[in-house]
Amino acid sequence: MPERDRRRRLLPYLLLGPGLLWLLAFFAVPLYYTAKISLETGTLDTGYSFSWQISNYSNAISTYSEQFLRSFEYAGLATLLSLLIGYPLAYAIAFRGGKWRNALLLAVILPFFVTYLIRTLSWETILDDGGWVVSTLKFLHLVSHDGRVLATTGAVVAGITYNFLPFMILPLYASLERIDHRMLEAGYDLYGRRRDVFLRVTLPLSMPGVVAGVLLTFIPAAGDFVNAQLLGTPRQFMIGNVIQSRYLALSDYPTAAALSFILMAVILVLVLAWAKFAGTESLMGSEAKT
């Protein structure tokens, strides 16, 4: 009996073991080396030495503050657009999908069958100056005769929105699909109007999906560099483009590592602020307001 109890106590640790080892090997260790590199000085030719060079952080912020702000601006716009597009779509799939629900969900995740780079390159082709999208916009006088869509802020934000839209739709659908239809029926009996039922019952009950969708969309969007690289110009470059350039083109590893840590820290602060704003009830699920 004591042997069985001892095995039962050890079971949770054995189940956690593989995940903890994975996090240690592929998160904690790389994070340690990135932190170490961010405090080094030197060049690729002369070699790098650890010297507690805190000024790498202040120099990175002062030099690339514009790219930081642009990254959060683009990520925020893409997240907002994803929410505005994704919520009605998730609502329609959850409550109006019927026998087409699985097919519609497949359509949402179908882009993931194609690599991220190819999807973004396809947008470069679609938004080309000679493409049908630009021709249609010119015909509708939404774009001037000599105007263009590619290599603009709009193209970059549209690309980010498209690429990360499924990360918004899926948690929204999961939240909406779990809503008990008896709650909606009670809401109609209590409030009568569809708008009131949505605002007082459906939306509060779907807030866990909203919170999760915003986080899953904003976090990767803030660090993205592919869309700005392919759909924009250096005037639209985000902080991810700077980090990529510093690592791979200029071999300025300390600055790139410092920028990476600053980006992680700012995102962490924003996530905590969003969680506080949304509230723990929205994170864990809440009852409808009465």
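Report follows, based on the coordinates.

Calculation criteria
- Per-chain numbering applies: the sequence of each chain, read as written, is numbered from 1 onward.
- Note on the predicted model: pLDDT of at least 70 is required for a residue's local features to be given, and 80 or more for side-chain atom pairs to be given and counted; whole-chain, interface and lining totals, by contrast, use all residues.
- The basis for every side-chain value is the complete set of non-hydrogen atoms in the structure, without hydrogens or water.
- By the criteria applied, helices consist of DSSP H or I runs no shorter than four residues and strands consist of E runs no shorter than two, each listed in order from the N terminus.
- Relative accessibility under 20% of the residue-type maximum defines a buried residue, over 50% an exposed one, and the middle range a partly exposed one, all with a 1.4 Å probe and only protein chains included.
- Two residues form a contact once any of their heavy atoms are found within 4.5 Å.
- All accessibility values rest on the Shrake-Rupley procedure with a 1.4 Å probe; residue burial counts only the protein chains present in the view.
- Stacked, tilted and edge-to-face pairs are distinguished by plane angle, under 30 degrees for stacked and over 60 for edge-to-face with tilted covering the rest, among Phe, Tyr and Trp rings (Trp via its six-membered ring) whose centres lie within 6.5 Å.

Okay, the overall build of the protein next. Helices and strands together make up the secondary structure of the protein, namely 13 helices and 2 strands. Burial statistics for the protein: of 290 residues in total, 37% are counted as buried. If you take every contact in the protein between residues at least 6 apart in sequence, the share linking residues at least 24 apart comes to 70%. Of the accessible surface of the protein, which amounts to about 17500 Å², a share of 67% is contributed by carbon and sulfur atoms.

Before going further, it helps to spend a moment on the packing of aromatic side chains. Counting across every chain of the model gives 13 aromatic pairs. When the ring of Tyr-48 is compared with that of Tyr-253, the centres are 5.6 Å apart and the planes differ by 45°; the resulting orientation is tilted. Placement of the pair is Tyr-48 in strand β2 (residues 47-50) and Tyr-253 in helix α12 (residues 253-278), with a sequence separation of 205 residues. Residue classification places Tyr-48 among the partly exposed residues on the basis of a relative accessible area of 25%. Relative accessible area serves as the criterion here: at 27%, Tyr-253 is assigned to the partly exposed category. Among the aromatic residues, those joined into a ring-pair cluster are Tyr-87, Tyr-91, Phe-95 and Phe-198.

Attention now goes to the side chain of Asn-241. Mapping Asn-241 onto the fold places it in helix α11 (residues 239-249). Judged by its relative accessible area of 3%, Asn-241 is buried. Those residues in contact with Asn-241, other than ones at most four positions away along the chain, are Asp-224, Phe-225, Ala-228 and Gln-229.

Everything listed here is a matter of coordinates, which is why it stays silent on function.
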